[in-house]
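The lines below spell out each chain.
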Amino acid sequence: YAAFRKSQAHPLLHDFAAGFSFGLDDFQLRACRELEDGRGVLVAAPTGSGKTLSAFLWAIDSVFRQRADLPEEPKKDGSRTRILYISPLKALGVDVERNLRSPLIGIGQSARRLGLTAPGITVGVRSGDTTSSDRRKLVSDPPDILITTPESLYLMLTSRAGDTLRDVHTVIIDEVHAVAATKRGAHLAVSLERLDALRRSHGAETAAQRIGLSATV
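Only a predicted model underlies this, so the values are computations on that prediction, with no experimental measurement involved.

Peer 1: How should the environment of Leu29 be read in this particular structure?
Peer 2: Inspection of the secondary structure assignment puts Leu29 in helix α2 (residues 26-36). Separated by 29 residues in the primary sequence, Leu29 and Trp58 place their C-alpha atoms 10.0 Å from one another.

Encoded structure:
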């Protein structure tokens, strides 16, 4: 797991991944190295192979490293979301539990074992089923990682909620094959460009890093 990054990974991520009896696959390591070089990446691998895990490990490690000297980031302007996870599927709950919440629990266990404090990472979901009260909470107290759909992302970017996305540095797009060469895919591409325009309007010099995940191409 020392090869997860060319530079040293956060010790909690190192300990968590070192506990995998099967280790990290070559495609997972290669994806992380490409991401460290600042490139966008398309990870194409069979369902259940761990491609989503590799994207989340990278994203979580990036947040941890940002907070190395400040475990609890103060919320001064409500703009907190750092990572967008976009899925064309409405049934996001199972994906979140399997692909994101479980690793966060495992990292928390690593923190207790090592006697370290794990930087708090919050997770939120915004879809067509999200209630109006929950949508307001996402604006007043934005999560570090937002799970959403292409349609909900568009609605956020065209409303006051869009301001909570101006600091997003990583966009994970799952099931790319389900939207490629479709009107939904074209619509999502426009939203991603709009997101980068929002970032630039607040001083960002580069586009958000994009990680595409697909079981096929």
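Peer 1: Is there a simple way to explain the layout of surface pockets in this structure?
Peer 2: Where empty space is left can be seen by rolling a probe of water-molecule size over the atoms. The calculated volume of the second largest pocket comes to roughly 260 Å³. His169, Arg199, Thr206, Ala207 and Ala208 are, among the 14 residues lining the second largest pocket, the residues nearest its centre. Along the lines of polarity and charge, the residues of the lining of the second largest pocket split into 5 nonpolar, 5 polar and 4 charged.

Peer 1: Is there a simple way to think about the environment of Gly185 in this case?
Peer 2: Here Gly185 shows up in helix α7 (residues 183-201). C-alpha separation for the pair Gly185 and Pro150, spaced 35 residues apart in sequence, amounts to 8.4 Å.

Peer 1: Is there a simple way to think about the pattern of salt bridges in this case?
Peer 2: Side-chain pairs of opposite charge can arise whenever the charged atoms involved come near each other. Counting across every chain of the model gives 8 salt bridges. Note that Arg166 and Asp163 form a salt bridge whose closest N and O atoms lie 3.0 Å from each other. Here Asp163 falls in the partly exposed class, since its relative accessible area comes to 31%. Here Arg210 makes a salt bridge to Asp196, at a shortest N to O gap of 2.9 Å. Remark: Asp196 occurs in helix α7 and Arg210 occurs in strand β6 (residues 209-214); sequence separation between them is 14 residues. Residue class for Asp196 comes out buried when judged on its relative accessible area of 4%. In this structure, a network of salt bridges that share partners links the residues Glu193, Asp196, Arg199 and Arg210.

Cut-offs applied
- Residues numbered from 1 in each chain as written.
- Predicted model: local features only at pLDDT ≥ 70, side-chain atom pairs only at ≥ 80, totals over all residues.
- Heavy atoms only, no water.
- Helix = DSSP H or I, 4+ residues; strand = E, 2+ residues; numbered from the N terminus.
- 1 Å grid on protein atoms, 1.4 Å probe; cavity = no way out; pocket = protein on both sides within 12 Å on 5 of 7 lines; lining within 4 Å.
- Points joined across faces, edges and corners; volume = space filled by probe spheres on them.
- Nonpolar A, V, L, I, M, F, W, Y, C, P; charged D, E, K, R; others polar.
- Salt bridge = Lys/Arg side-chain N within 4 Å of Asp/Glu carboxyl O.
- Buried < 20%, exposed > 50% of the residue type's maximum accessible area, 1.4 Å probe, protein only.

Function cannot be read off these values alone, since they describe shape.
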